[in-house]
Amino acid sequence: MKPFLRQQLARYADRLGELEFLLSREDIMKDMKQFLLLSREHTEVTAVASRWARYSQREADLTAAQTLLSSSANDADMAEMAQEEIQDATQELQQLEGELQRMLLPKDPDDARNAFMEIRAGTGGDESALFAGDLLRMYTRYCERRGWKAEIISESASELGGYKEVVVRIEGDHVYGALKFESGGHRVQRVPTTETQGRIHTSACTVAVLAEPDEAVAILINPSDLRIDTYRASGAGGQHINKTDSAVRITHLPTGIVAECQEGRSQHSNKAQALKVLTARIHEKDRSERATKDAAERKGLIGTGDRSDRIRTYNFPQGRLTDHRINLTLYKLLYIMEGDLDDVVQALQVYEAAQQLAALEVGAGA
């Protein structure tokens, strides 16, 4: 294990002692807010400190087994026992080191949240809209594989199929943490169904993934900063939405950010959902600005998620998917388009963890 990691982990043992002392003080026990805050930190620190204690113990076991092996040259049974202990301790130490590294990485509090996904057709006309529909299908299939619920919030269908724009709410365990790296420009290379001469066309879509905010956060938006318009919904939904002005569009006047919802049966539910989307977009704007600022100070982790970033190419003639941020190429495009995104998502998460660990090491040496 690298020295800087040992230094970081040693601090957890010291902090655990401090927290146990603080939590035993009467004045802190009477202050419920501070007591709960310290209790949560105590739980987190205990998890790391206990794993670090186990790692230290297994290191001592490994050293003892190596000493036993070197001194038991004439005792086959003792040598065999020492070899087994060395193998077991080495395997457990490798596992523990991986766990401890992950525990030390900075956690994004939004990772556990539900998310809104926006898919918009870009350059390429009808083919781009068809590709937007293919991306929606890919992501909804992936949601099914993960046991998540995907629900369309608003949509603008194209004439030949697909979507000019579609917004989906995805509910489940750690949705945002898995999908946040999907934000950016997605390029497709294939022969469109409308192409009569078999020529390969290139078109593009943009994807934005937004963490769904807390209900309490949504309330913080000043109502006077909002303009709320109602209109008659169009598209799928049956006769009901064609008879009433149930669709809602909300504009945040200070930023010009707009959100709308037309899929619900009532104006009230559409307004509530549109407000959630609006809040998520405002927060994403702040997040993107911070990421851009951080990237100017040091290289970003996997881009800022800006829609102008071309992050991925889907090449159908070659059956190839390439993620340009991490130089990942997979020749299983048809499976991926059916929702088999695990290899892509995991590769991006592993890359982010490696970058964060490197940043931690630089920070420790500063």
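Before any of the text, the structure's been laid out above.
Here the structure is a predicted model, which is why all the values come from computation and not from measurement.

Student: It is not clear to me how helix 3 (residues 32-70) should be interpreted in this structure. Could you clarify?
Tutor: Since the α-helix advances by 3.6 residues per turn, residues separated by three or four positions end up pointing in the same direction. Its 39 residues give helix 3 an end-to-end C-alpha distance of 56 Å, which sits within 8% of 57 Å, the value for a rise of 1.5 Å per residue. Where helix 3 is concerned, the buried positions are Leu38, Val45, Val48, Ala49, Trp52, Tyr55, Arg58, Leu62 and Ala65. In this fold, the buried residues of helix 3 make contact with helix 1 (3-23), helix 2 (26-30) and helix 4 (76-104).

Student: Sorry if this is basic, but what is going on with the nonpolar core here?
Tutor: Nonpolar side chains in soluble globular proteins tend to be buried together. Ranked by size, the top nonpolar core spans 38 residues in total, and within it Ile119, Leu135, Tyr139 and Tyr314 carry the most contacts. Looking at this core, the elements that each hand over two or more residues are strand 1 (115-121), helix 5 (125-146), strand 3 (163-171), helix 6 (175-179), strand 5 (201-211), strand 11 (328-330), helix 9 (333-337) and helix 10 (342-365). Counting residues per element, this core draws most heavily on helix 5, at eight residues. Excluding residues that lie within four positions of it along the chain, Tyr314 makes contacts with Phe131, Leu135, Met138, Tyr139, His186, Arg187, Val188, Gln189, Arg320, Leu321, Leu333 and Met337. Ranked by size, the runner-up nonpolar core spans 17 residues in total, among them Ile153, Ile221, Leu226 and Val277.

Student: What's the story with the packing of helix 3 against helix 4 in this structure? I'm lost.
Tutor: Packed helix pairs are specified by the crossing angle of their axes together with the interaxial distance, meaning the distance between the axes. Interaxial distance between helix 3 and helix 4 falls to 8 Å at its minimum, and their mutual angle equals 155°. With respect to each other, helix 3 and helix 4 are oriented roughly antiparallel. Judged by the twist between their axes, the crossing of helix 3 over helix 4 is left-handed. For the contact of helix 3 with helix 4, a count of residues per class yields 18 nonpolar, three polar and 10 charged.

Student: How do you make sense of the environment of Gln101 when you look at a structure like this?
Tutor: One can find Gln101 in helix 4. Each C-alpha atom, one on Gln101 and one on Leu357, is 7.5 Å from the other, the two residues being 256 residues apart in sequence. In contact with Gln101, other than residues within four places in its own chain, are Leu5 and Leu357.

Student: Honestly, the side chain of Glu212 in this entry has me stumped. Any pointers?
Tutor: By the secondary structure assignment, Glu212 is in the loop between strand 5 and helix 7 (215-219). Given the relative accessible area of 8%, Glu212 is considered buried. Only 2.6 Å separates the side chain of Glu212 from the side chain of Arg169, close enough to count as a polar contact. Discounting residues that sit within four places of it in the chain, Glu212 has contacts with Arg113, Asn114, Ala115, Phe116, Arg169 and Lys276.

Student: Quick question: what am I supposed to make of the packing of helix 1 against helix 3 here?
Tutor: Between helix 1 and helix 3, the shortest axis-to-axis distance is 8 Å and the interhelical angle comes to 135°. Taken together, the axes of helix 1 and helix 3 lie oblique to each other. Helix 3 is crossed by helix 1, and the crossing has left-handed handedness. Where helix 1 approaches helix 3, its residues Arg6, Leu9, Ala10, Tyr12, Arg15, Leu16, Leu19, Glu20, Leu22 and Leu23 are matched on the opposing element by Phe35, Leu38, Ser39, Glu41, His42, Val45, Thr46, Val48, Ala49, Trp52, Tyr55 and Glu59. Residues that form the contact of helix 1 with helix 3 fall into these classes: 14 nonpolar, three polar and five charged.

Student: Whenever I open this one, the pairing of strand 3 confuses me. Can you help?
Tutor: Where strand 1 lies against strand 3, six bridges are found, and the strand directions are antiparallel. In the sheet register, Phe116 faces strand 3, and the bridge partner there is Arg169. In this structure, strand 2 (residues 149-157) lies alongside strand 3, joined through eight bridges in antiparallel fashion. Opposite Ser154, over in strand 3, you have Val167 as the bridge partner.

Student: Even after reading the chapter, I still don't get the sheet that holds strand 11, so can you show me in this structure?
Tutor: Strands in a sheet are paired, the pairing made by backbone hydrogen bonds, and the direction either parallel or antiparallel. Spatial strand order, 2-3-1-5-4-9-10-11: eight strands in an open sheet with mixed pairing. Looking along the sheet, the strands with just one partner apiece sit at the ends: strand 2 and strand 11. Strand-to-strand twist in this sheet, taken as the mean axis angle between neighbours without regard to direction, amounts to 15°. Helix 5 contacts strand 1, strand 2, strand 3, strand 4 (184-190), strand 5 and strand 9 (310-315) of the sheet and is inclined by roughly 110° relative to strand 4.

Cut-offs used in this document
- Residues numbered from 1 in each chain as written.
- Predicted model: local features only at pLDDT ≥ 70, side-chain atom pairs only at ≥ 80, totals over all residues.
- Heavy atoms only, no water.
- Helix = DSSP H or I, 4+ residues; strand = E, 2+ residues; numbered from the N terminus.
- Expected span 1.5 Å × (residues − 1).
- Buried < 20%, exposed > 50% of the residue type's maximum accessible area, 1.4 Å probe, protein only.
- Contact = heavy atoms within 4.5 Å.
- Core = buried A, V, L, I, M, F, W, Y, C linked by side-chain atoms within 4.5 Å.
- Axes fitted to C-alpha atoms, helices over the stretch in contact; angles between N-to-C directions.
- Parallel < 35°, antiparallel > 145°, perpendicular 65-115°, else oblique.
- Left-handed = near helix turned anticlockwise from the far one by under 90°.
- Nonpolar A, V, L, I, M, F, W, Y, C, P; charged D, E, K, R; others polar.
- Polar contact = N/O pair within 3.5 Å; in protein donor to acceptor, adjacent residues only side chain to side chain.
- Pairing = 2+ DSSP bridges.

The values reported here are purely geometric and, on their own, carry no functional implication.
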